[in-house]
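# Observations on chain architecture
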Amino acid sequence: AQSVTQPDIHITVSEGASLELRCNYSYGATPYLFWYVQSPGQGLQLLLKYFSGDTLVQGIKGFEAEFKRSQSSFNLRKPSVHWSDAAEYFCAVGKKAAGNKLTFGGGTRVLVKP
Amino acid sequence: GAVVSQHPSRVICKSGTSVKIECRSLDFQATTMFWYRQFPKQSLMLMATSNEGSKATYEQGVEKDKFLINHASLTLSTLTVTSAHPEDSSFYICSAPRPGGSTDTQYFGPGTRLTVL
């Protein structure tokens, strides 16, 4: 069965500092990997995705993620966070054959200090 | 861009009553929609897959008689929580993949917060 682990429940970062959110997955084949952000009162928004090809993927809002098969990881990074980046972030793995079902990690809540 | 809406955004009901939540794809047709449940400060857990014109597929441990799903049209899926109890209080989120797209083109609704007194 597929699973996703986000080891960090909370992360606090100062505005302007760099951010890295960890994601590890367990999957039997080539995974389809995603990062979503959830802000209060809003639906989940896709930040970026990995299907194949270049293992460093660029997303919206200045985020990027690197797929490392050897480590079963798909960590999310941003060089300089803004106060508006405070939100809940979810890593997810998809099974295309199963009709686009997603399995989510537990989420990481990011707090941004002024 | 594609949008998925949910109605209502919040609902409070008495224990024992039933509550219906609607999920609509606003500018595309969705033969499949997904229903997730999210407890406070926890992740999204897939409850079921709603299929237009056929029965929903429920994940293991989800009571199909408790959570009735009807995918009446290509733009509407409903989730009815029957005989709701306080433990059913949660945040319910639907999503819909855009047909013809790849796995990434899945759009999420803003969620419905259910509180059962």
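On a predicted model such as this, the values are computed, not experimentally measured, just so you know.

### So, the state of the cysteines
- Under the defined criterion, the tally for this structure stands at two disulfides over all chains.
- Between the sulfur of Cys23(A) and that of Cys91(A) lies a disulfide, 2.0 Å long from S to S. What sets the handedness of the Cys23(A) and Cys91(A) disulfide is the S-S torsion sign, and at about -65 degrees it is left-handed. One end of the pair, Cys23(A), is in the loop between β3 (19-21) and β4 (24-26); the other, Cys91(A), is in strand β10 (residues 87-95), and 68 residues separate them in sequence.
- Judged by its relative accessible area of 0%, Cys23(A) falls in the buried class.
- Judged by its relative accessible area of 0%, Cys91(A) is buried.
- Between the sulfur atoms of Cys23(B) and its disulfide partner Cys94(B) the distance amounts to 2.0 Å.

### Overview of the layout of surface pockets
- Roughly 540 Å³ of volume is contained in the largest pocket.
- Forming the boundary of the largest pocket are 20 residues, of which Met45(B), Leu46(B), Met47(B), Glu59(B) and Gln60(B) lie nearest the centre.
- Every element with two or more residues in the lining of the largest pocket is listed here: β11 (101-104) of chain A together with β5 (44-51) of chain B.
- Along the lines of polarity and charge, the residues of the lining of the largest pocket split into 11 nonpolar, four polar and five charged.
- Space inside the second largest pocket adds up to approximately 420 Å³.
- Forming the boundary of the second largest pocket are 18 residues, of which Gln38(A), Pro40(A), Gly41(A), Phe91(B) and Arg113(B) lie nearest the centre.

### Let's talk about the pattern of salt bridges
- Counted by the stated rule, this structure contains eight salt bridges over all chains.
- In this structure, Glu64(A) engages Arg77(A) in a salt bridge whose closest nitrogen and oxygen atoms are separated by 3.3 Å. In this pair, Glu64(A) sits in strand β8 (residues 64-68) while Arg77(A) sits in strand β9 (residues 73-78), placing the two residues 13 residues apart along the sequence.
- Where Lys66(B) meets Asp88(B), a salt bridge forms, and the shortest distance between an N and an O atom there is 2.7 Å.

### A look at the side chain of His71(B)
All names here are of chain B.
- For His 71, the position within the fold is in strand β7 (residues 67-73).
- At a separation of 3.3 Å, a polar atom in the side chain of His 71 contacts the main-chain carbonyl oxygen of Ser 73.
- Leaving out residues up to four positions away in the same chain, His 71 has contacts with Ala 30, Thr 31, Thr 32, Met 33, Ser 50, Asn 51, Glu 52, Gly 53, Leu 76 and Ser 77.

### A short note on the side chain of Gln6(A)
All names here are of chain A.
- As for its position among the elements, Gln 6 is in the loop between β1 (3-5) and β2 (10-14).
- Taking the relative accessible area as the measure of exposure, Gln 6 reaches 7% and is therefore buried.
- Only 3.0 Å separates the side chain of Gln 6 from the backbone oxygen of Tyr 89, close enough to count as a polar contact.
- Separated by 3.1 Å, the side chain of Gln 6 and the backbone nitrogen of Gly 107 make a polar contact.
- When neighbours within four sequence positions are excluded, Gln 6 is seen to be in contact with Arg 22, Trp 35, Tyr 89, Phe 90, Cys 91, Gly 105, Gly 106, Gly 107 and Thr 108.

### Brief notes about the nonpolar core
- Residues Trp35(A), Leu48(A), Phe74(A), Leu76(A) and Tyr89(A) are the most contacted members of the largest nonpolar core, which totals 26 residues.
- Counting residues per element, the ones that place at least two in this core are β2, β3, β5 (32-38), β6 (45-50), β8, β9, β10 and β12 (108-113) of chain A.
- For this core, the leading source of residues is β10(A), giving four residues.
- One finds Cys23(B), Ala30(B), Met33(B) and Ala96(B) within the second-largest nonpolar core, a separate group that totals 24 residues.

### Considerations on the sheet that holds strand β1 (residues 4-7) of chain B
Residue and element names in this part refer to chain B.
- The strand order across the open sheet formed by four strands is β1-β3-β8-β7, and the pairing between neighbours is antiparallel. The sheet is open, and its two edges are formed by β1 and β7, each paired on a single side. Across this sheet, the average inter-strand angle for adjacent strands is 20 degrees, counted without regard to direction.
- Judged from the six bridges that link them, strand β3 (residues 19-25) and strand β8 (residues 76-81) form a sheet pairing that is antiparallel.

### Quick notes on the interface of chain B and chain A
- In this complex, chain B contributes 19 residues to the contact, which on the side of chain A involves 19 residues.
- Note on chain B versus chain A: buried area summed over both sides is about 1600 Å², and carbon and sulfur give 58% of it.
- In this assembly, chain B and chain A are joined by one salt bridge.
- The residue Lys101(A) makes a salt bridge to Glu59(B) at a minimum N-O spacing of 3.1 Å.
- Viewed at the interface, chain A and chain B are joined by four residue pairs in polar contact (both at pLDDT 80 or more).
- Those elements giving two or more residues to the side of chain B that touches chain A turn out to be β4 (32-38), β5, β9 (90-97) and β10 (106-108) of chain B.
- Along the lines of polarity and charge, the residues of the side of chain B that touches chain A split into nine nonpolar, eight polar and two charged.

How each quantity is defined
Residues numbered from 1 in each chain as written. Chains lettered and ligands numbered in written order. Predicted model: local features only at pLDDT ≥ 70, side-chain atom pairs only at ≥ 80, totals over all residues. Heavy atoms only, no water. Disulfide = S-S within 2.5 Å. Helix = DSSP H or I, 4+ residues; strand = E, 2+ residues; numbered from the N terminus. Buried < 20%, exposed > 50% of the residue type's maximum accessible area, 1.4 Å probe, protein only. 1 Å grid on protein atoms, 1.4 Å probe; cavity = no way out; pocket = protein on both sides within 12 Å on 5 of 7 lines; lining within 4 Å. Points joined across faces, edges and corners; volume = space filled by probe spheres on them. Nonpolar A, V, L, I, M, F, W, Y, C, P; charged D, E, K, R; others polar. Salt bridge = Lys/Arg side-chain N within 4 Å of Asp/Glu carboxyl O. Polar contact = N/O pair within 3.5 Å; in protein donor to acceptor, adjacent residues only side chain to side chain. Contact = heavy atoms within 4.5 Å. Core = buried A, V, L, I, M, F, W, Y, C linked by side-chain atoms within 4.5 Å. Pairing = 2+ DSSP bridges. Axes fitted to C-alpha atoms, helices over the stretch in contact; angles between N-to-C directions. Buried area = accessible area lost by both parts, 1.4 Å probe.

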